[in-house]
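Per-entry structural report
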Amino acid sequence: MFLREQQGWEFAGGAGARAFGRQLVPLADRSLYDRLRIAAAHTDWTPDLGQRIGSRDWWRGLATCTALCAGAWMLAPGWHPIMGYAAPVETGAAFEETRTQSIAPIALGATTGRRMAAGALVRPLAETPERPQVELTAALADGDTLRNALQRAGVGGGEAGRVADLVAGAVKLDDIRPGTVLSLTLGRRATRFQPRPLEQLAFRAAFDLNLTIRRSGDGLSLDRRPIAIDRTPLRVRGIVGPSLYRSARAAGVPARIVEGYIKALAARMSIGDVRASDTFEIVADQARAATGEVEVGQLQYAGLDQGGRKLQLVRWGDRDGSGGGFQDANGQYEQRGGMGMPVAGRVTSTFGMRMHPLLGFMRMHKGMDIGAPYGSPIYAAIDGVVQFAGRSGGYGNFVKLAHPGGLATGYGHMSRIAVGPGAHVRRGQVIGYVGSTGISTGPHLHWEVWKNGRPVNPRSLSLSSVQVLSRETMRAMKAKIGRLLGR
């Protein structure tokens, strides 16, 4: 057996081995100390105790672990108590002062943030002093008045009335929009039993006007501050593309204007005839305030260029009280479509022959029955004049309207009539309320339509009206189109 030793020694093999610069010496020629040292150095004293359990190496590792644990226990310094300093317990005034200045939950008895007890120089007050001024805001509710809103904010009734009179001299009180924010400053009151005087009130009375009311001595003065408004119309032109509505909305046109534009086109043509390659043009009223707000008003011009055909519709006149209807560039106004439903409900019986639910035999049903809750409002289907309003046999409470072109409509079984004979009614105006008067099995509306005195199916009737303007009106209308299009 040989053991390789440190460098510089020679091998016992002779000159051929000297080139390696080492020597192997038999272990038997070593001393006992060297042999033990070498054996200890090549022995694994810490084997894995999880392997080869019960073998010689395992018992050697267990002995090593036991010896290390015993040595650590014998060399431990032991456990001795560490002496500390305990603060003295405070009582009386010292305890109250410490508790006031400490940080602790109030639930545990702390008085954090509270001031110390009053000293001898502190004098009690008879009453808590009031703030010299109070600044607050109030909003005008829907259906509310300026005077009521000021009184709810703490302004006296007499002073609120004087403020309302001042504001009425600058703008109509009914024109102040619900939701208007009122910024108020209330002054010091003489006693607790009277309201605070108004020192200042500022609000936006109109889109183009700010109003400020200030106290001047014993009276109030009004300061008007007009807001510069740019009323350049909103003009949008674009390609219809896959969807007319989406293309117009993507171009920045408000949804309400787009809906009005499509409705204006639908009165002249079928929306299904609009192609993706067509060009739409929209002009609407627009007001831009110097403060940054923008208001879009009514649709004024609706154009559609289909290449060979160009449709131009402009708002003109005051046909229905809402700013006028739309007419095309050649001066004609046309409206097409059927009549709207006179009541919100469901059709329970249609026009034609049917078995009468009460009489028990087949009978011609000359109208349409629409079931609706008792008291639901009934609206005029189209514009007309009240020809009859009162009790009419099996119809119960009955209203008959006469319309141009030999057309007439009737509304039966009403619980209450809301119009009188000879009255002019508009489409959508309430003329009565659903009931079950006359020969009826329950609350519903019996709706009849006559054409030249003969009953017709209300849902099959198509309406169309054309109006031709005078030359003077046509010239004025073409001038308006030029202004709207910037020509």
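Now for a quick tour of the structure. Quick caveat: nothing in here was measured; it's all calculated off a predicted structure.

So, the nonpolar core
Counting 24 residues, the largest nonpolar core has L150, V163, V167, L182, L184, L201 and F203 as the members making the most contacts within it. Looking at this core, the elements that each hand over two or more residues are β3 (134–139), α5 (146–152), α6 (157–168), β4 (181–186), β5 (198–206) and β6 (209–216). Residue contributions to this core peak at four residues, all from β5. With residues near it in sequence (within four places) discarded, L182 still touches L136, T137, A138, L146, A149, L150, L201, A202 and F203. The next biggest cluster of nonpolar side chains, apart from the first, holds 22 residues, and it includes Y261, A264, I282 and L311.

A look at unusual backbone geometry
One non-glycine residue, R52, adopts positive backbone phi at about 50°. Take R52: its relative accessible area is 58%, and that puts it in the exposed class. Located in the positive-phi region is N452, a residue other than glycine, with phi close to 55°. Locating N452 in the fold gives a position in the loop between β25 (444–451) and β26 (454–456).

Details of the pairing of β4
Pairing of β3 with β4 involves six bridges; the strand directions are antiparallel. Residue pairing for β4: L136 is matched across the bridge by L184. As defined by bridge partners, β4 adjoins β5 across four bridges and the pair is classed as antiparallel. Residue pairing across strands places L186 opposite L198, the latter belonging to β5.

Focus on the packing of aromatic side chains
Applying the stated criterion across every chain, the model contains three aromatic pairs. Between W58 and W59, the aromatic rings sit 4.8 Å apart at their centres with planes inclined by 85°, giving edge-to-face as the arrangement. Judged by relative accessible area, W58 falls into the buried class, the value being 15%. Through pairs of rings, three or more aromatic residues link up here, namely F388, Y395 and F398. A cation over an aromatic ring shows up here: R204 above the ring of F207, its NZ or CZ 5.3 Å from the ring centre. Geometry around W450 places K400 over its ring, the cationic atom sitting 4.7 Å from the centre.

Side note on the pattern of salt bridges
One pass over the structure, following the stated rule, counts 13 salt bridges. Between E293 and R204 there is a salt bridge whose closest N-O contact spans 3.1 Å. Linking E293 in the loop between β10 (279–289) and β11 (294–305) with R204 in strand β5, this pair joins segments that are 89 residues apart in sequence. As a salt-bridge pair, D383 and R426 come within 3.8 Å of each other at their nearest N and O atoms. With D383 in the loop between β19 (377–379) and β20 (384–391) and R426 in the loop between β23 (424–425) and β24 (430–434), this pair connects stretches of sequence that are 43 residues apart. We classify D383 as partly exposed; its relative accessible area is 31%. A relative accessible area of 43% places R426 in the partly exposed class.

Let's talk about the sheet that holds strand β7 (residues 219–226)
Taken in spatial order, the five strands line up as β3-β4-β5-β6-β7 in an open sheet, and their pairing is antiparallel. In this open sheet, the two edge strands, each paired with only one partner strand, are β3 and β7. The mean inter-strand angle of the sheet, taken between neighbouring strand axes irrespective of direction, is 20°.

Section: the state of the cysteines
One covalent bond between the sulfur atoms of two cysteine residues makes up a disulfide. By the definition in use, this model includes zero disulfides. Just so you know, C65 is unpaired, no disulfide at all, and the nearest cysteine sulfur is the one on C69, 4.2 Å from it.

Points about the environment of A264
Position of A264 relative to the elements: it lies in helix α8 (residues 255–266). Note on A264: relative accessible area 7%, which makes it buried. Taking the C-alpha atoms as reference, A264 lies 9.7 Å from G303; in sequence the two are 39 residues apart. Not counting residues within four places of it along the chain, the set of residues in contact with A264 comprises A302, L313 and F326.

Digging into the pairing of β25
With seven of eight residues buried, β25 is to be regarded as a mostly interior element. In this structure, strand β18 (residues 367–371) lies alongside β25, joined through five bridges in antiparallel fashion. When the bridges of β25 are listed, G371 appears paired with H444. The pairing of β25 with β26 spans three bridges and is antiparallel. Pairing of K451 across the sheet is with R454, part of β26. The antiparallel hairpin formed by β25 and β26 contains two residues in its connecting segment, where N452 sits at a positive phi of about 55°.

Some points on α6
Taking 1.5 Å as the rise per residue, α6 with twelve residues should run 16 Å; its terminal C-alpha atoms sit 16 Å apart, in good agreement. Among the residues of α6, E159, A160, G161, V163, A164 and V167 are the ones counted as buried. Contact partners of the buried residues in α6: α5, β5, β6 and β7.

Definitions and limits used
- Residues numbered from 1 in each chain as written.
- Predicted model: local features only at pLDDT ≥ 70, side-chain atom pairs only at ≥ 80, totals over all residues.
- Heavy atoms only, no water.
- Core = buried A, V, L, I, M, F, W, Y, C linked by side-chain atoms within 4.5 Å.
- Buried < 20%, exposed > 50% of the residue type's maximum accessible area, 1.4 Å probe, protein only.
- Helix = DSSP H or I, 4+ residues; strand = E, 2+ residues; numbered from the N terminus.
- Contact = heavy atoms within 4.5 Å.
- Pairing = 2+ DSSP bridges.
- Phe/Tyr/Trp six-rings, centres within 6.5 Å; stacked < 30°, edge-to-face > 60°.
- Lys NZ or Arg CZ within 6 Å of the ring centre and 35° of its normal.
- Salt bridge = Lys/Arg side-chain N within 4 Å of Asp/Glu carboxyl O.
- Axes fitted to C-alpha atoms, helices over the stretch in contact; angles between N-to-C directions.
- Disulfide = S-S within 2.5 Å.
- Expected span 1.5 Å × (residues − 1).

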